[in-house]
There are 2 protein chains.
Amino acid sequence: MEKRTEISDLGEFGLIDHLTRNFEIYNASTIIGVGDDAAVIDHFGKQTVVTTDLLIEGIHFDLSYTPLKHLGYKSVIVNLSDVYAMNAQPTQITVSIGISNRFSVEALDEFYEGIYAACKKYKVDLVGGDTSSSGKGFIISVTALGEVAPDKFVQRSTAQQGDLICVSGDVGGAFLGLTLLEREKAIYMQSPGVQPDLEGEDYIVGKLLMPEARKDIIAFFEKNNITPTSMQDVSDGLSSEILHITKKSNLGCMIFEEKLPIHEKSRMAAYKFNLDPTACALSGGEDYELIFTLKQEDYEKITLNEDIAVIGYTTAPEEGTRIKTKGGNLYDITAQGWNAFKG
Amino acid sequence: MEKRTEISDLGEFGLIDHLTRNFEIYNASTIIGVGDDAAVIDHFGKQTVVTTDLLIEGIHFDLSYTPLKHLGYKSVIVNLSDVYAMNAQPTQITVSIGISNRFSVEALDEFYEGIYAACKKYKVDLVGGDTSSSGKGFIISVTALGEVAPDKFVQRSTAQQGDLICVSGDVGGAFLGLTLLEREKAIYMQSPGVQPDLEGEDYIVGKLLMPEARKDIIAFFEKNNITPTSMQDVSDGLSSEILHITKKSNLGCMIFEEKLPIHEKSRMAAYKFNLDPTACALSGGEDYELIFTLKQEDYEKITLNEDIAVIGYTTAPEEGTRIKTKGGNLYDITAQGWNAFKG
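Residues numbered from 1 in each chain as written. Chains lettered and ligands numbered in written order. Predicted model: local features only at pLDDT ≥ 70, side-chain atom pairs only at ≥ 80, totals over all residues. Heavy atoms only, no water.

Draft legend 1. A look at the interface of chain B and chain A. Listed as interface residues are 56 residues of chain B and, on the opposing side, 56 residues of chain A. Between chain B and chain A, a total of about 4,500 Å² is buried, with carbon and sulfur atoms accounting for 58% of that surface. Its largest share of buried area at the contact with chain A, chain B owes to Asp-37, Val-50 and Leu-54 of chain B, together 15% of the area lost on that side. Counting across the interface, chain B meets chain A through zero salt bridges. (Contact = heavy atoms within 4.5 Å. Buried area = accessible area lost by both parts, 1.4 Å probe. Salt bridge = Lys/Arg side-chain N within 4 Å of Asp/Glu carboxyl O.)

Draft legend 2. Spatial organisation of the UniProt feature "binding site: ATP" (unreviewed entry) in chain A. Residues and elements named next belong to chain A. Per the UniProt record, "binding site: ATP" (unreviewed entry) is annotated on Tyr-112, Gly-129, Asp-130, Arg-156 and Ser-235. These annotated residues cover 124 residues of sequence, and their C-alpha atoms reach 32.2 Å apart at the extremes, leaving them scattered rather than at a single site. On the secondary structure map, Tyr-112 appears in helix H3 (residues 105-122). Setting aside its immediate chain neighbours within four residues, Tyr-112 contacts Leu-19, Phe-23, Val-95, Ile-97 and Leu-126. Locating Gly-129 in the fold gives a position in the loop between strand S5 (125-128) and strand S6 (131-133). (UniProt positions renumbered as here; feature names shortened; annotations may be inferred. Helix = DSSP H or I, 4+ residues; strand = E, 2+ residues; numbered from the N terminus.)

Draft legend 3. Inspection of helix H4 (residues 173-190) of chain A at higher detail. Residues and elements named next belong to chain A. Compared with the 26 Å implied by 1.5 Å per residue over 18 residues, the 26 Å span of H4 between its first and last C-alpha is a close match. If you check which residues of H4 are buried, you get Gly-173, Ala-174, Leu-176, Gly-177, Leu-180, Leu-181 and Glu-184. Down the axis of H4, the smallest arc covering the buried residues is 165 degrees, so these residues share one side. Those residues of H4 that are exposed and aimed more than 90 degrees away from the buried face are Met-189 and Gln-190. Its buried side turned inward, H4 meets helix H5 (202-209), helix H8 (264-272) and helix H9 (277-283). (Expected span 1.5 Å × (residues − 1). Buried < 20%, exposed > 50% of the residue type's maximum accessible area, 1.4 Å probe, protein only. Arc of directions from axis to C-beta.)

Draft legend 4. Quick peek at the relation of the copies chain B and chain A. Between chain B and chain A, the superposition needs a rotation of 180 degrees and an axial shift of 0.0 Å, giving an RMSD of 0.0 Å. The symmetry that links the two subunits is that of a two-fold axis. It is Phe-44 of chain B whose C-alpha, among those of chain B, lies nearest the rotation axis, at 2.5 Å. When the interface residues of chain B are mapped onto chain A, 100% of them are again interface residues, pointing to one common binding face. (Least-squares fit on C-alpha atoms with pLDDT ≥ 70 in both.)

Draft legend 5. Region of the structure containing the packing of aromatic side chains. Residue and element names in this part refer to chain B. Evaluation of the coordinates by the stated rule reveals 14 aromatic pairs over all chains. Relative to Phe-138, the ring of Phe-111 lies with its centre 5.0 Å away and its plane at 70 degrees, an arrangement referred to as edge-to-face. Of this pair, Phe-111 sits in helix H3 (residues 105-122) while Phe-138 sits in the loop between strand S6 (131-133) and strand S7 (139-148), placing them 27 residues apart in sequence. Of the two residues examined, Phe-111 and Phe-138, each falls in the buried class. Note on Phe-221 and Phe-292: the rings are 5.0 Å apart at their centroids and 80 degrees apart in plane angle, and the pair reads as edge-to-face. Here the residue Phe-221 occupies a position in helix H6 (residues 215-223), and Phe-292 occupies one in strand S11 (residues 289-294), the gap between them amounting to 71 residues. Take Phe-221: its relative accessible area is 1%, and that puts it in the buried class. Residue Phe-292 is classed as buried on the basis of its relative accessible area of 0%. (Phe/Tyr/Trp six-rings, centres within 6.5 Å; stacked < 30°, edge-to-face > 60°.)

Draft legend 6. Inspection of the environment of Asp-202 of chain B at higher detail. Residues and elements named next belong to chain B. Relative to the assigned elements, Asp-202 resides in helix H5 (residues 202-209). For Asp-202, a relative accessible area of 59% gives the class exposed. Separated by 33 residues in sequence, Asp-202 and Gly-169 have C-alpha atoms that sit 17 Å apart.

Draft legend 7. Here's a closer look at the UniProt feature "domain: PurM-like N-terminal" (unreviewed entry) in chain A. Cross-referencing UniProt, the feature "domain: PurM-like N-terminal" (unreviewed entry) maps to residues 35-148 of chain A in the present numbering. Between the end C-alpha atoms of residues 35-148 of chain A the distance is 26 Å, and the span holds 31% helix and 37% strand.

In structure tokens:
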């Protein structure tokens, strides 16, 4: 039988000590970490970037198919992704959790193993947090700090007309992973004896449950002396992010359906579920890729990186935000994908 | 009839724009605030302090007697208090909220009015956050950043043997305010026609619902060239905080009951509820005062400030953590107050 330690056996302070006992410090700027009123961070000559995300059970994640370790990992990743989207390097995080008494200390250990793995991989320090009981469900609040050389940060609102619009990696996979897991859950609820059929779908399931943040793209920019004119991460869905950048930069855009980076495994999964891969790529969220705009003269530089796709360009605002399909038709892009859905 | 705007009418991004539309920037270090993946903060030559708190409806607050504006104010204060407890100046906050659909936009406006009032009073900038739906209840996560001159921060673990133990303001009031409001709520639940009897109790109710952070004490330290040897804020209760400092600093202590700063209004309320004022002062939480230790030679300096009480001194660890009563008896201090409760 697995060991179950009640959280009440440790108490709040005992729990924090227990959960944070193995954390190593990776950043010289971390002067004081967990265990005081606040952490202390040294940032001589750098600018600090700060971002935060709140994740609530039943809204952002479903523990019936999300392992706690993966949830811990992803809770960190979604915040690091925001830091990279500023062209900055993440350095510290705080993690607050609200937990009901249905969680054991062992369950929280699993969750923190995921936090720990992400901290180790991305070399960030856990420097604080808060642990509380919640009446119901699991609540996670992560704040990430990062640093960037003065005025090297990249905003959403600074794209220029005629810039290239680029996306890292591929999009739509996380949404298809979610679709698969929700479908298998529904089958299981009806017939608890049936084993989930996830064979060959590890790519899309991995995109959902264990996403990575694009540290490599930021490193590539630095190495090749590239500064995007605007950037953000793809969390709500590609079309939603395209509209953020164009609206905040007061621009229009032209996107080409055939240029959207869709993984072969995602495409196959979409066909299996009778979904349009393009619609999944545009409106599916949680890919944690980067979308950014570049001056046209930087085009040569990015051809060096196979993991960056040019999907279109920015236009004057009066030209609207449009997508050209493979068949040559033009549609308006909406936050939900494109207007063709309405027709 | 009061106007009720559904949150769904604005959408998530519209809601963030709406709630943050009036925020002014107070700190030159705030380069980018709300509205991008992350905020950007400049900290040339200073050290950054970061702290975070998670507040959950039904656990940390009861909306049946907590006005939303006060809740917003207090959500900021509890974090600023942690920053001051590091001997630092708060500069920026992020605020994330999870809300169920029982809240209207007008209700959130009230909450943000409180946030805004605290930001204005303490000159801190709201630089980001996350807004999410919650299945049930109101969830608040605030992270505060502050700055401190290099190595001027004060930890909990650095008290020395023979230091004076001091407390700002008075303690126990917030607990008595809570006791009063819980009592009135119970009466109201039984007899909804009975109006709450809060006459003359505005002091203790104010201590609970609208606490302040001790910015003035930190300013007094700076002006008088005082550096406490250790410090933390009083959130869980005075005895709990005394035990934190002595445990982390590997010391014992002697506290004198007659020196505990208890406001006359708190004392009267305690008698009214048949409670021991000393027990309320030791074990009641949420006062957001500062507890700190000082070298004995700084005693003269603090006599200038009537809002600082010396309540005892630190001893060798083998002498234990004790309190001497007015009657001359010695008891061990426990996180719940003192051991006399058990006898």
